[in-house]
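Descriptive structure summary
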Amino acid sequence: MAEGTANPDADEAYVVDDQGNVIDGVVVADLEGQQGEDDQMQEDGNEQQGGDGELNPEQARDDSIHAFEGHKGSVFGVAWSRNGDGVCSGGEDDLAASWKVITDANHAEDLETRWLRGHSDSVVEVEFNAGGDLLATAGMDGLVKIWVYSEGSMLQSLDGPAEAMEWIDWHPKGDVILGGSADFTMWMWNARNGACMQVFTGHSAAVSCGGFTPDGRLVVSCGSEGDPSMKIWDPKNGNCTATIEGHGYHEDGITCIDFSADGTLALTGSMDGTARLAHLQSGKARGTLIGHTESVECVCFSEGSLPLIVTGSLDGKAKVWDQSTLTQRRSLTHPQGVTAMKTLPQSNMFITGCLDGVVRAWDMRMDNCVREYHGFQDGVLSLALSPNAKYVLAGSDDHSVRVFEL
C-alpha cells in the first residue's frame, strides 16, 4: 500500500494513532444481491462585508479557532468524520490532507497532518465512510482513492471512468462508494476490495450530482448542462426505475441535490435558477421553487421541527421555503453568491458559505443573520459540520481551511 508522506513545505507534524470502527459486510452483500442538537447561536453585531469583490477592513478579522494553510491551491472539498475528530481537505494542488482537530470551548489544536498523494489532477471531493476509518478522495484525473485514515495509507485506487470525477457518496451503512463522472456514467465500488459493483449508464451529459438515499436502498443521479434529468436506480441490479425530465422539470443542468430524512423526496437545484422537488417512489416531479435569478448552487431540507427547505444561489440570496405549499417564507441577502450550505441537526439553524469569504449562521425563522465568521481572504467553496454540530469546517479559494465554533 502506498504510504502518505509529509509535505516538505509544511511544518513538522507528528502522528497520533487512531482506531477506526470497521463496518461488517452485510451491506456490501446486500447490494451484491447476496444474503447476507439545537445549540444556541452567538449574537453578531458586525456589519456585512461590501460587494463588488473588494475587501473591506473586516477581511483582516479572523474568527477561526484553527486554520490550516498547507494547500497550494483552492480547497474544493472538506469533510469531518462522523464519529470523531478526523478532518480532511482536497484541493486544486492535486493533494488531500488529513489531520485531527481536538477542540474545546477556547481553542483547537492540530495534532496531525498527513498528505495523501496519488492524484494527478485536482481533488474535487473528500468523504469519510460511516465508520470513520476510511476516507475517499475523488479527482479530476477520473480516479477515486480509498485511504486508511489512521495510517494515511492508500487501500484502493478505483478506476473506470474515462473523465473527471464530479462527486462521491458513501453508502450510509457500509463500505460501498458511489461516484459520478464527466464521462456521463456513475460507478459503484466495494471500497474494501476495490471491486466494481455496478456501472450506471444512460445520461447524455456529465453526472453532476447524486447519491444514495438515506436508507441506502436507492441511488439517484442527475445530469449537467445538456441533460437536465434525474434518474432513479436500483443499486442491486443497476436498473433505472424512473427518469424525471422534460416539461415540469429543470430546463438547464442540475447542480446539487439533497434528500428528505425519510428518503421519499429529492430536492435539486439547477443552473436555470429553480429548485425542484421530486417523489422518488413514484418517479414524478412534485413542484417547483421559483424566485432565484441565477444558478442554484446548494439545497437543503430543514432538520428542525418546521417543514422547511433552504436554497442558495449565485444571485446572493438564501431562500427559505415552506415544503408543503412551496411558497417562499424568507429571502436572506448575502453580498455575493452563496456557494455552500449545511443545516444543523434537530435545529432551525443553517450555515452558508459565500463568495465574499464569510461563513454565516442563520435561523430559518428570522430575517437577519445570527452571526458572521470571518477569516478567509477569498470565497468559501465547501463546508462540513462536526459530529456534534458545534463546529464548522470550511474550505476556501484562498487555499486555506478554517474551523469556526458555532
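Each value, and the rule that gives it
- Residues numbered from 1 in each chain as written.
- Predicted model: local features only at pLDDT ≥ 70, side-chain atom pairs only at ≥ 80, totals over all residues.
- Heavy atoms only, no water.
- Helix = DSSP H or I, 4+ residues; strand = E, 2+ residues; numbered from the N terminus.
- Buried < 20%, exposed > 50% of the residue type's maximum accessible area, 1.4 Å probe, protein only.
- Areas by Shrake-Rupley, 256 points an atom, 1.4 Å probe, with all protein chains shown as cover.
- Pairing = 2+ DSSP bridges.
- Axes fitted to C-alpha atoms, helices over the stretch in contact; angles between N-to-C directions.
- pLDDT = per-residue confidence, 0-100.
- Contact = heavy atoms within 4.5 Å.
- Salt bridge = Lys/Arg side-chain N within 4 Å of Asp/Glu carboxyl O.
- Polar contact = N/O pair within 3.5 Å; in protein donor to acceptor, adjacent residues only side chain to side chain.
- Disulfide = S-S within 2.5 Å.
- Core = buried A, V, L, I, M, F, W, Y, C linked by side-chain atoms within 4.5 Å.
- Phe/Tyr/Trp six-rings, centres within 6.5 Å; stacked < 30°, edge-to-face > 60°.

A few words now on the overall build of the protein. Regarding its fold elements, the protein presents 1 helix and 32 strands. Put simply, the protein has 406 residues, and 58% of those count as buried. Roughly 15900 Å² of accessible area belongs to the protein as shown, and the carbon and sulfur atoms make up 43% of that amount.

With that settled, the discussion passes to the sheet that holds strand E23 (residues 308-313). Within a sheet, adjacent strands bond to each other through the backbone by hydrogen bonds, running parallel or antiparallel. Taken in spatial order, the 4 strands line up as E22-E23-E24-E25 in an open sheet, and their pairing is antiparallel. The strands lining the two open edges of the sheet, one partner per strand, are strand E22 (296-301) and strand E25 (328-333). Looking at each pair of strands side by side, their axes are set apart by 15° on average, direction ignored. Judged from the 5 bridges that link them, E22 and E23 form a sheet pairing that is antiparallel. Each bridged residue has a counterpart across the sheet, and for Val299 the counterpart in E23 is Thr311.

With that settled, consider the confidence of the model for the protein. Looking at the protein as a whole, its pLDDT mean stands at 88, while 83% of the residues score no less than 70. Under a pLDDT of 50 for its full length, residues 35-51 has, in the predicted model, 57 contacts with residues more than four places off or in other chains.

Here we come to the pattern of salt bridges. All chains considered together, the criterion is met by 11 salt bridges. Linking Asp175 and Arg192 is a salt bridge whose minimum nitrogen-to-oxygen distance equals 2.8 Å. Here Asp175 is found in the loop between strand E10 (165-170) and strand E11 (176-181), whereas its partner Arg192 is found in the loop between strand E12 (186-190) and strand E13 (196-200), with 17 residues between them in sequence. You can call Asp175 buried: its relative accessible area is 2%. Where Asp363 meets Arg365, a salt bridge forms, and the shortest distance between an N and an O atom there is 2.8 Å. The exposure class of Arg365 is partly exposed, given its relative accessible area of 45%. The structure contains a network of salt bridges with shared partners spanning Asp62, Glu69 and Arg402.

Our next topic: the side chain of Asp227. Mapped onto the secondary structure, Asp227 falls in the loop between strand E15 (219-223) and strand E16 (230-233). At a separation of 3.0 Å, a polar atom in the side chain of Asp227 contacts the main-chain amide nitrogen of Ser204. Setting aside residues up to four positions removed in sequence, Asp227 forms contacts with His203, Ser204 and Ala205.

Applying the stated rule across the entire model yields 0 disulfides. Unpaired in terms of disulfides, Cys256 finds its nearest cysteine sulfur in Cys298, a separation of 6.3 Å.

In terms of nonpolar packing, the biggest core is built from 17 residues, with Ile351, Val359, Leu383 and Val392 touching the most fellow members. At the level of elements, strand E27 (349-354), strand E28 (359-363), strand E29 (369-373), strand E30 (380-385) and strand E31 (391-396) are the ones that each hand at least two residues to this core. Ranked by the residues each element gives to this core, the list is headed by E30, at 3 residues. The residues contacting Leu383, other than those within four sequence positions of it, are Val78, Ala340, Met341, Lys342, Ile351, Thr352, Gly353, Val359, Val392, Leu393 and Ala394.

Once that is clear, we can look at the packing of aromatic side chains. Counted by the stated rule, this structure contains 9 aromatic pairs. Aromatic side chains Phe68 and Trp99 sit 4.4 Å apart centroid to centroid with 25° between the ring planes, which places their arrangement in the stacked category. Note that Phe68 is positioned in strand E1 (residues 66-68) and Trp99 in strand E4 (residues 96-103), a separation of 31 residues in sequence. When sorted by exposure, Phe68 lands in the same class as Trp99, which is buried. Ring plane angle 75° and centroid distance 5.5 Å describe the contact between Phe128 and Tyr149, whose orientation is recorded as edge-to-face. Residue Phe128 is located in strand E6 (residues 123-128), and its partner Tyr149 is located in the loop between strand E8 (144-148) and strand E9 (153-158); the two are separated by 21 residues in the primary sequence.

Here we take up the pairing of strand E14 (residues 207-212). Counting buried residues along E14, 6 of its 6 residues qualify, which places the element largely inside the surrounding structure. Here E14 runs beside E15; their pairing, made up of 5 bridges, is antiparallel. Bridging from a neighbouring strand, Val207 pairs with Gly223 of E15. Taking the residues that link successive antiparallel strands as the turn, the E14-E15 hairpin has 6 residues, and the phi of Gly216 there is positive, at about 75°.

Attention shifts here to the sheet that holds E14. With antiparallel pairing, the 4 strands of this open sheet are ordered in space as E14-E15-E16-E17. Here the strands that pair on one side only, and so sit at the sheet edges, are E14 and strand E17 (240-244). Recorded for the sheet is a direction-independent mean angle of 15° between the axes of neighbouring strands.

The next subject is the environment of Glu294. Within the secondary structure, Glu294 is located in the loop between strand E21 (284-290) and E22. By relative accessible area, which is 40% here, Glu294 ends up partly exposed. Put simply, Glu294 and Gly312 are 18 residues apart on the chain and 9.8 Å apart in space, counted from C-alpha to C-alpha. In this structure Glu294 touches Gly273, Ser313, Leu314 and Asp315, once residues within four positions along its chain are discounted.

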